[in-house]
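Spelled out from the first residue to the last, the chains are:
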Amino acid sequence: MQLSVMNRSRANKIDDMLPAILERLSAVQEVLAPLPKEVLEEAIYHTASYYIPIDSETELCRNHSALLFESFLRYEIWALKMVDASSKGSPGLLDGNVMDLGNYGQCISVEAPGELFTGQHCVIETQGIMPVDMDSLNPKRPVLPTLRLDLMFSVCVPSSCTPGDVKTHMDLALNSVNATAIIYNSSCSSASPIPFENKDYIAMLILILIALLIGLSTWFDKHSENSAGCKVIKCFSLVQNTRQLLDTSCPDVSDTIPCLRGLRILALAWLMLGYRMLHLLACPNHRFKYLVENIDNVAWAPVENAHLSVEIFLLVTGVHVTYKFFLQDRQGRKFRYFEFFLKYYLRLTFPLALVMLVYGTVAMHFTDGPIWRRLFEFLQLFCQKNWWSNLLYVSNYVNPYEMVSVLPQTWYLAIEFQLYALSPLLLLPLVRNPRRGLFFIAIAFLATIVGGIINSYMMEIQAGGLIRLDRTREGTNVLDYFYTQYRAASFLIGMALGFLLFRIKEDHWAVQFSKMQVLVGWVAALSLFATTVLAVSIFQDPLYVYTAWLDTAYGILHRPTLSLAVSWFILACSTGSGGFLNTILSWRPLLPLYRLSHCVFLVHFLVQDIQAFSTRTAITIDFLNLWYMVFADFFISHLVAVVVYLAVEAPVINLISLVEEGGKDTEERGHTSQPASFTKNVIHPEHSLHLEKL
């Protein structure tokens with residue numbers, strides 16, 4: 001309270017200085033821009049008539065706007081602040097800076113005399129001011145939230161005015177230049193907090209109950225003796241789960257391919273790089289001309305091709321599921337599809353459900369800003385309609401244009417889940433008859449490649465990266481990017497590689513590469529990887545003309561090509577030819593980061609949303625800012641992921657492990673041949689390190 005009073009006192013002192021500042025500025029104006037008093041007054045009058053919604057629909061807004069208008073002409077400080085907080089033209093307009101956000105903080109802090117109203121900041125998007133050619137930069141059906149790339153400005157209006165009032169006035173003001181204003185209900189913000197709804201209270205209640213359960217479990221863990229009942233309660237123990245998270249000494253069957261953990265972490269960082277770039281493009285930024293000039297620069301290719309990180313995820317998942325499946329068969333355990341399916345679903349879904357709960361409810365109250373509600377609400381629009389499709393992992397087929405419901409990155413979880421659920425169709429033949437199984441994998445691989453080529457050619461899908469100068473066909477690309485039948489190639493390569501690695505490690509196949517073979521392998525793999533990533537700059541050239549065969553070939557083949565290159569990395573590291581790369585990727589201190597990778601994948605988009613969408617001024621896009629933000633994203637996302645892991649993921653994994661141990665005991669009493677250590681190690685590919693025993 002005392003601090004608040006001190007801050008208010010300091011603000012009042014500044015306000016007391018404003019008359020002297022205005023008087024001084026008036027004197028400077030008379031010297032630098034000597035204008036007749038009548039001309040200056042007329043300019044001020046016309047400026048106010050554009051900024052202040054005196055032609056609004058509702059009577060209350062018109063009355064308050066009239067008061068604001070008259071007070072501004074009398075140079076009253078509070079009115080001057082409101083008009084001053086509105087946009088007054090963006091510097092660098094000729095370099096493409098057509099978006100200005102005004103002064104959000106100054107606007108919402110204004111209070112009219114008698115507390116009649118407060119300042120309300122409204123962002124006005126337009127259509128018709130920029131040349132028609134610029135319209136190609138605006139997607140017809142945006143998949144991710146974005147602002148319309150046209151002249152955009154802000155006005156500070158009375159809080160009694162509705163977005164409809166502001167639009168009515170601005171349409172009249174822009175009519176003289178044949179342009180219209182685009183305003184959404186979420187385009188206006190004020191100092192009044194967003195009201196809580198029933199869904200917010202329900203979400204907070206659930207979060208409180210989880211916190212109480214964790215607290216009780218932790219207390220119980222410290223003060224109770226071991227027993228069957230205690231084990232269930234202790235599954236939520238903060239002490240136990242933190243120890244499990246940080247443990248780097250306990251071996252696990254997944255350590256047979258330890259390089260996969262580092263590979264997954266690097267792929268996750270690469271994915272963050274791409275999503276951070278999309279967030280920067282969604283916000284007002286300085287010098288859009290710079291992007292146009294450098295869009296085909298080879299240095300930007302890793303950013304523009306960051307979506308290829310998903311291929312590494314699919315590849316790693318394919319390796320894991322195959323290796324674990326063969327290990328299960330080797331241990332003599334009978335395959336049960338329901339168990340195979342259910343354990344994977346539960347481990348994947350509970351963290352997803354928690355993050356979705358926060359994302360779709362209380363996350364809206366985390367921050368504010370001139371474009372926060374405008375952009376973040378876009379991610380929540382389809383929550384009530386399509387939330388179930390995320391939990392059933394069918395969001396990439398059910399309303400794919402609306403698949404951004406709550407968590408945009410869940411399209412990948414849907415693809416991975418579907419491939420995992422269908423994998424036994426290939427794994428069972430592979431176990432019984434390896435030649436036949438590999439033949440079926442090859443047929444499936446060819447089918448997904450041919451299907452992708454046909455779809456890409458028929459739909460005329462253009463190859464390219466994240467940054468596109470023509471976004472009018474963005475919706476068409478969705479059908480190629482989100483459909484599982486066109487994205488299975490990397491997973492299938494991973495299955496074949498997983499089979500090979502199992503035979504090498506468990507059956508002790510003699511695989512000894514000569515120095516020349518290792519050198520040729522690394523040169524070929526690195527060249528293939530670099531060429532695949534950097535070749536996107538060809539299609540990013542603004543002068544490039546769509547060529548059906550070339551765009552189709554690169555658009556479909558560059559994904560499995562990258563996976564083949566990464567497959568060599570995994571094979572070399574797993575057979576002693578990885579050198580320092582294997583040392584880095586297999587470094588044991590990476591284990592905690594690997595355990596957090598699924599939660600990081602779920603929360604990193606929200607971390608980026610909060611930072612990007614709460615911006616109050618136009619940003620600058622360059623390499624330094626981009627990488628600085630990516631490192632911050634990586635660090636903060638892991639901190640948030642720790643909370644999700646300890647609250648949901650670790651407890652669920654512990655509970656499933658207890659159930660598996662119960663099943664093991666039952667089988668042992670039945671004198672089965674099932675090894676005692678196997679049951680607890682049958683774990684799904686995403687979380688292969690989570691069930692380590694303490």
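Definitions and cut-offs
Residues numbered from 1 in each chain as written. Predicted model: local features only at pLDDT ≥ 70, side-chain atom pairs only at ≥ 80, totals over all residues. Heavy atoms only, no water. Helix = DSSP H or I, 4+ residues; strand = E, 2+ residues; numbered from the N terminus. Expected span 1.5 Å × (residues − 1). Contact = heavy atoms within 4.5 Å. Axes fitted to C-alpha atoms, helices over the stretch in contact; angles between N-to-C directions. Parallel < 35°, antiparallel > 145°, perpendicular 65-115°, else oblique. Left-handed = near helix turned anticlockwise from the far one by under 90°. Nonpolar A, V, L, I, M, F, W, Y, C, P; charged D, E, K, R; others polar. Buried < 20%, exposed > 50% of the residue type's maximum accessible area, 1.4 Å probe, protein only. Polar contact = N/O pair within 3.5 Å; in protein donor to acceptor, adjacent residues only side chain to side chain. Disulfide = S-S within 2.5 Å. pLDDT = per-residue confidence, 0-100. Pairing = 2+ DSSP bridges. Core = buried A, V, L, I, M, F, W, Y, C linked by side-chain atoms within 4.5 Å.

1. Remarks on helix α22 (residues 515-534)
Here α22 spans 28 Å end to end across 20 residues, near enough to the 28 Å set by a 1.5 Å rise per residue. In the core, the buried residues of α22 are packed alongside α10 (259-282), α12 (301-304), α23 (536-540), α24 (548-574) and α25 (579-585).

2. A short note on the packing of α10 against helix α27 (residues 597-613)
With their axes 10 Å apart at the nearest point, α10 and α27 run at an angle of 20° to one another. Looking at the two axes, α10 sits roughly parallel to α27. The crossing of α10 and α27 is right-handed. Across the interface between the two elements, Arg264, Leu268, Leu271, Met272, Tyr275, Arg276, His279 and Ala282 of α10 pack against Ser597, His598, Val600, Phe601, His604, Phe605, Gln608, Asp609, Gln611, Ala612 and Phe613 of α27. Grouping the constituent residues of the contact of α10 with α27 by class yields 10 nonpolar, 6 polar and 3 charged.

3. Observations concerning the environment of Ser597
Summarising the element assignment, Ser597 is placed in helix α27. Exposure remark for Ser597: the relative accessible area of 2% places this residue in the buried category. When the C-alpha atoms of Ser597 and Ile265 are compared, they prove to be 6.8 Å apart, with 332 residues separating the residues in sequence. Setting aside anything within four residues of it in sequence, one finds Ser597 in contact with Arg264 and Leu268. At 3.0 Å, the side chain of Ser597 forms a polar contact with the side chain of Arg264. In this structure the side chain of Ser597 is engaged in a polar contact, spanning 2.7 Å, whose partner is the backbone oxygen of Tyr594.

4. Brief notes about the state of the cysteines
Overall, the coordinates contain 3 disulfides when judged by the stated rule. What pairs with Cys61 in a disulfide is Cys161, and their sulfur atoms sit 1.9 Å apart. Between Cys61 and Cys161, the disulfide has an S-S torsion of 90° and is therefore right-handed. You can see Cys61 sitting in helix α3 (residues 59-73) and its partner Cys161 sitting in the loop between β2 (152-158) and α6 (163-174), a full 100 residues away along the chain. Note on Cys61: relative accessible area 0%, which makes it buried. In this structure Cys161 comes out as buried when scored by relative accessible area, which is 3%. Between the sulfur atoms of Cys122 and its disulfide partner Cys188 the distance amounts to 2.1 Å.

5. Let's talk about helix α13 (residues 309-330)
Here α13 is 22 residues long and its end C-alpha atoms lie 32 Å apart, about the 32 Å a rise of 1.5 Å per residue gives. Taking burial as the measure, the 22 residues of α13 include 20 buried ones, the bulk of the element. Just past α13, the residue Gly332 takes up positive phi, approximately 90°.

6. Looking at the confidence of the model for the protein chain
When pLDDT is averaged across the protein chain, the result is 84; 86% of the residues are at 70 or more. The least confident element of the protein chain is helix α1 (residues 2-32), whose mean pLDDT is 55; the most confident is helix α18 (residues 424-432), at 95. Here residues 1-8 is a poorly scored stretch, pLDDT under 50, and it has 0 contacts once near neighbours within four places are set aside; other chains count. Confidence drops under a pLDDT of 50 for residues 666-694, and excluding neighbours within four residues, the segment shows 86 contacts in the predicted structure.

7. Digging into the pairing of β2
Among the 7 residues that make up β2, 7 are buried, leaving the element largely enclosed by the rest of the structure. In terms of strand pairing, strand β1 (residues 119-127) meets β2 through 7 bridges, oriented antiparallel. Paired with Val123 across the strands is Ser154, a residue of β2.

8. Re the nonpolar core
Ranked by size, the top nonpolar core spans 130 residues in total, and within it Met277, Phe376, Ile570 and Phe613 carry the most contacts. If you look at the next biggest cluster of nonpolar residues, it comprises 32 residues, including Ile44, Ala85, Cys107 and Val157.

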